[in-house]
Structures are given as C-alpha cells and as structure tokens.
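Chain and residue survey
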Amino acid sequence: MLKIILPTIMLLPTALLSPPKFLWTNTTMYSLLIAALSLQWLIPTYYPYKFLSSWTGINQISSPLLVLSCWLLPLMIMASQNHLQQEPMSRKRTFISTLVLVQPFILLAFSATELALFYIAFEATLIPTLILITRWGNQPERLSAGTYLLFYTLVSSLPLLITIMHLYVKIGTLHLPTLELTHPTLSTSWTGMLAGLALLMAFMVKAPLYGLHLWLPKAHVEAPIAGSMLLAALLLKLGGYGIMRVTLLMGPLSNFLHYPFLTLALWGALMTSSICLRQTDLKSLIAYSSVSHMGLVIAAGMIQTHWSFSGAMILMISHGLTSSMLFCLANTNYERTHSRILLLTRGLQPLLPLMATWWLLANLTNMALPPTTNLMAELTIMITLFNWSALTIILTGIATLLTASYTLFMLLITQRGPIPSHITSIQNSTTREHLLMALHIIPMFLLILKPELISGVPL
C-alpha cells in the first residue's frame, strides 16, 4: 500500500520543483507510472484482504476503485493542460499540487480498515475539491456552488462521526475486518434505526440520492475540467463504496430504512433522466445523468445481495470512466466555443470529425450498449431488483428508455444539425485530446473481456 501512497505524496515536490519546461511531462509521466504500478492490486486472490497492514487493506470491493483513482490522476493532469496555458507558472504548480493532494486521501478512504481513518480521509477529500471549484471555476457562481458542496457534505457527515463514536463505545473497536466478524450491533430499536440512518445519510448525500443531489449539478457546472472529472469519477464512488461497506455492519436493515431510500433512488433515476431531456447546459446534462446512474448503485446497495453488490461495483467503475470521458468531451467543446449552451455548440461533426467518433463511442457506453461493462452492470442490478420485487421493473425500464433518449439527444444536438453562424473558425483537435479519450475508452473495452476483475466477487 505504501509503495503507491508514498510516490503519490512525492508527486508534490515533483510538481513544485520541476523546471517549467518539463512540469507537465514530469507530473504526467510520474503519475502514469504510479497508475501502472497500481495494477498489481487487481491480481485475484482467495484471501478476503490483500496487502493487509494495521491501517489499510485491500478488499475485492476496494481494489477496482483504488486502481481507478490512480488511473484518473494522469488523465486529470492531461485534461487541464489547455485551460492553464495562460496562467503564471506558480499557479500551474499550485493547481497540480491541489490535484495531487486529493489523491492520497482518496486512496486512504478506499483502503482504510479503520472506520475513524476512513471518516477522516472521506472528509479531507472535500478541502482540495473545494479549492479547485472556488478558485479555478469559470463563473462567479462558483462560490455559491462551493458553499452548497461544503454545507451539504458537512451537515450530512457530522451524524456519521457521532455514530462512529457511538459504535466504538458499544463494541470497543472500529477495525473493519473485526467488525464484520462480530454480531450486528444495531438493533431494531429506535436508537439503532437512527444510528443506521446517520451512517447511511452521509453516503447518500455523497452518492447523491435524488432529493439530496442539488449540490452536484452546481458543483459540476462551475468546476474546472479536472474538478469535474474528480467529482464524477471518484468522489461519487466514495458514497457508493461507503454504502456497501456500512450496510455490511448493520445486519439486515429494517424496512423503515430500506423502502424510502430504494424508492427515492429508483424514482430519482427516472426523474433525473427526464430532467436531462430538457437541459440546455451540456455539463449540467452530464451531471444529472450521473445522478440517475448512481441511483441504481444506491438501490443495489440497499438490497444487499451478492449479485447486487457485484452489479453496483461494475456500474461504479464503468460510470467513473464513462462520465469522466463525457466531461472531457464537453470540455473540448467548451475550450473551442467558450459556451456550454447546447444550441450554440451544435453541428460540430463536419468541423471535428475525429472528435465526433469519440462522442459516438462515449454516448454509446453511457447508453449501456453491448459490449460495454455498463450493460452488464445495469442488467445485473435490474435482475436483482426484479428478484426483490417485480414492480421495480417498471421504474428501471422507463429509466433505461429515458437514458437512451437523452443520450441520443445529446449526441444529435452536439454533432448534427446546421453549424451556428457565429462559429467561423475552430481549432483542430490535438493529439493530447485524442490520447485522453483513448485512455478512457480502452480500459472500458478491455474490462468486458475479464469483468470479474471489477465485479467485487471473491474469485
């Protein structure tokens, strides 16, 4: 574990001390090396914990997420190159340092075996994200977006801290492998129910559950491209991972806790998909689509079967890569036209034909078309939900239909139609952007060949 965390921390001096000419080269290559090194975590094993130390351990559930977070750091650095070109050198260094700073916290949060350390890392990821949004965002509204993000997260996670302390007093340990062996401590009493609610609530806001999701579109729209990728691909997964980890401690959930979350998640998947159909803002559309995908993950995490956990794992990984790629594509459009409004950036296919290919691929993966892992994940989750209650097929079915329709709507309106009259000349797409898209989509196509790497099932 340390052989990844220490090099990641040493990226800080690399970013601060590299000669200006080699700043981007050094940080990108170094983080790509770390990402390549982290692939060893995917090696299958029969043991419940790999690389177990006293603080951290890698589970079948956390190893794909850890590899994903290492993989996305070089991609975030690559994506940010263009919009930082005009900035002075010191600000570029600060930006890269902020990106690097969030990485050890995410790694700790995904691999912590101690609940208190998990909570600290979970909260600490908020600070660099907040700096990214409120300092490097595009519009003045970024301040209100930062406030939303901060208060939603803090208000929901204080009860989590109190419940963790309460559990510690009752059991005497917060070590996750030990907690999984003890009997479920949360009883069916009101105290137990409220404790269960407090444990889940922080992750529900982070994931986000429909109704608690209002900070997400704001934060996504105002964040710079690296901030958007970080939020969509990693911080939302902290919520899903937390739900899967915490529900195991709570024993069978009482129905009072089950039903509201399940109905809200499935209803939210339907509602946010239909909200997507009437969005005018490209980044906002992609942000709402992540709410609907994470709704399925929450629903799967609530029914707690092997199949549903495996489906939720695969969906989290595939959604991390897909939505990150969509944000990168939206950013390439934004850097050329300086507008996120769909009506002003339409008809780009004749101008940027290769980018149109990437758009098509990204939208097809977002739509969950075979042979992508998204399809496998959504089918697994829908089957488990149908097995739990046959009525859910209505909600999930309509949500799938709406997902396909808004994805095609996004593809058609950005690539087809008349070119707006104000776009007279547009710069060509660069090799850097094509490499960025390729590094998002190639793992997606490779993972379907061996999906058990990310399914979270012990092999």
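Residues numbered from 1 in each chain as written. Predicted model: local features only at pLDDT ≥ 70, side-chain atom pairs only at ≥ 80, totals over all residues. Heavy atoms only, no water.

Looking at the overall build of the protein
When helices and strands are counted, the protein shows 18 helices and zero strands. Relative to a compact globule of 459 residues, whose C-alpha radius of gyration would be 23 Å, the protein shows 21 Å and is just as compact. Taking the principal axes of the C-alpha coordinates as reference, the protein spans close to 65 × 55 × 45 Å. In the protein, which comprises 459 residues, the proportion classed as buried is 60%. Contacts in the protein between residues far apart in sequence, at least 24 positions, make up 81% of those at least 6 positions apart. Accessible surface, the protein as shown: approximately 17900 Å² in total, 72% of it carbon and sulfur. Where the 21 positive side-chain charges of the protein centre and where its 11 negative ones centre are 5 Å apart. (Helix = DSSP H or I, 4+ residues; strand = E, 2+ residues; numbered from the N terminus. Rg over C-alpha atoms; globule rule 2.2 N^0.38 Å. Buried < 20%, exposed > 50% of the residue type's maximum accessible area, 1.4 Å probe, protein only. Contact = heavy atoms within 4.5 Å. Areas by Shrake-Rupley, 256 points an atom, 1.4 Å probe, with all protein chains shown as cover. Lys, Arg positive; Asp, Glu negative; His and termini not counted. Charge placed at Lys NZ, Arg CZ, Asp CG, Glu CD.)

Remarks on helix 10 (residues 215-222)
Where burial is concerned, most of helix 10 is hidden: seven out of the eight residues are buried. When we look at burial in helix 10, the residues that qualify are Trp-215, Leu-216, Pro-217, Ala-219, His-220, Val-221 and Glu-222. Residues of helix 10 that are buried make contact with helix 6 (126-136), helix 7 (142-171), helix 9 (190-206), helix 11 (225-249), helix 13 (282-303) and helix 14 (306-337).

Focus on the pattern of salt bridges
A complete count under the given rule lists five salt bridges for this structure. Notably, a salt bridge pairs Glu-433 with Arg-432, separated by 3.9 Å at the nearest N-O pair. Each member of the pair Glu-433 and Arg-432 is classed as buried. Notably, a salt bridge pairs Glu-452 with Lys-450, separated by 3.1 Å at the nearest N-O pair. (Salt bridge = Lys/Arg side-chain N within 4 Å of Asp/Glu carboxyl O.)

Here we look at the environment of Met-271
Mapped onto the elements, Met-271 comes out in helix 12 (residues 255-276). Met-271 sits 128 residues away from Ala-399 along the chain, and the two C-alpha atoms are 8.2 Å apart.

A look at a nonpolar patch on the surface
Residues Phe-386, Leu-391, Ile-393, Ile-394 and Ile-398 make up a contiguous nonpolar surface patch of roughly 480 Å² in combined accessible area. In terms of residue count, the dominant contributor to the nonpolar patch is helix 17 (residues 392-415) (three residues). In this structure, Leu-391 sits in the loop between helix 16 (373-388) and helix 17. (Patch = residues over 30% accessible without salt bridge, like charges linked within 9 Å, V, L, I, M, F, W, Y side chains within 5 Å.)

With respect to the UniProt feature "domain: NADH:ubiquinone oxidoreductase chain 4 N-terminal" (unreviewed entry) in the protein
UniProt records the feature "domain: NADH:ubiquinone oxidoreductase chain 4 N-terminal" (unreviewed entry) at residues 1-108, using the numbering of this structure. Between the C-alpha atoms that bound residues 1-108 there is a distance of 9 Å. The span itself is 65% helix and 0% strand. (UniProt positions renumbered as here; feature names shortened; annotations may be inferred.)

Remarks on the packing of helix 6 against helix 11
Put simply, helix 6 and helix 11 touch, their axes get as near as 10 Å, and they point 150° apart. Pair helix 6 / helix 11 crosses with left-handed handedness. Here helix 6 contributes Thr-129, Leu-132 and Ile-133 to the contact with helix 11, which in turn contributes Gly-227, Leu-230, Leu-231 and Leu-235. Looking at the contact of helix 6 with helix 11 residue by residue, the classes come out as five nonpolar, two polar and no charged. (Axes fitted to C-alpha atoms, helices over the stretch in contact; angles between N-to-C directions. Left-handed = near helix turned anticlockwise from the far one by under 90°. Nonpolar A, V, L, I, M, F, W, Y, C, P; charged D, E, K, R; others polar.)

Some points on the packing of aromatic side chains
What the rule picks out here adds up to eight aromatic pairs. Note on Phe-95 and Trp-136: the rings are 5.0 Å apart at their centroids and 85° apart in plane angle, and the pair reads as edge-to-face. Remark: Trp-136 occurs in helix 6 and Phe-95 occurs in helix 4 (residues 89-111); sequence separation between them is 41 residues. The burial state of Phe-95 is the same as that of Trp-136; both residues are buried. Members of the aromatic cluster, joined through ring pairs, are Phe-110, Phe-118, Phe-122, Phe-203 and Tyr-241. Sitting over the ring of Trp-136, Arg-135 keeps its end group 5.1 Å from the ring centre. (Phe/Tyr/Trp six-rings, centres within 6.5 Å; stacked < 30°, edge-to-face > 60°. Lys NZ or Arg CZ within 6 Å of the ring centre and 35° of its normal.)

Notes on unusual backbone geometry
That bond from Ala-207 to Pro-208 is cis: its omega, -25°, falls within 30 degrees of zero. By the element assignment, Pro-208 lies in the loop between helix 9 and helix 10. Geometrically, the link from Pro-370 to Pro-371 is a cis peptide bond, its omega value of 5° lying close to zero. On the secondary structure map, Pro-371 appears in the loop between helix 15 (353-366) and helix 16.

Points about the state of the cysteines
For the structure on display, the rule yields zero disulfides. The thiol of Cys-276 is unpaired, and the distance to the nearest cysteine sulfur, on Cys-328, comes to 18 Å. No disulfide involves Cys-328; its nearest neighbouring cysteine sulfur is the one of Cys-70, lying 18 Å away. Assessed through its relative accessible area of 1%, Cys-328 is described here as buried. (Disulfide = S-S within 2.5 Å.)

Some points on the packing of helix 2 (residues 23-38) against helix 3 (residues 62-79)
Two numbers describe how helix 2 lies on helix 3: the axes approach to 8 Å, and their chain directions differ by 165°. In terms of orientation, helix 2 and helix 3 fall into the roughly antiparallel class. Considering how the two elements wind past one another, helix 2 and helix 3 form a crossing that is left-handed. In this structure, helix 2 contributes Trp-24, Thr-27, Thr-28, Ser-31, Leu-32, Ala-35 and Ser-38 to the contact, and helix 3 contributes Val-67, Cys-70, Trp-71, Leu-73, Pro-74, Ile-77 and Met-78. (Parallel < 35°, antiparallel > 145°, perpendicular 65-115°, else oblique.)

Description of the environment of Gly-320
One can find Gly-320 in helix 14. Separated by 316 residues in the primary sequence, Gly-320 and Ile-4 have C-alpha atoms spaced 21 Å apart.

Some points on the environment of Lys-283
The topology assignment puts Lys-283 in helix 13. Taking the relative accessible area as the measure of exposure, Lys-283 reaches 8% and is therefore buried. Counting along the chain gives 45 residues from Lys-283 to Cys-328, while the straight-line C-alpha distance between them is 10.0 Å. Leaving out residues up to four positions away in the same chain, Lys-283 has contacts with His-220, Val-221, Ala-223, Pro-224, Ser-228, Phe-327, Ala-330 and Arg-340.

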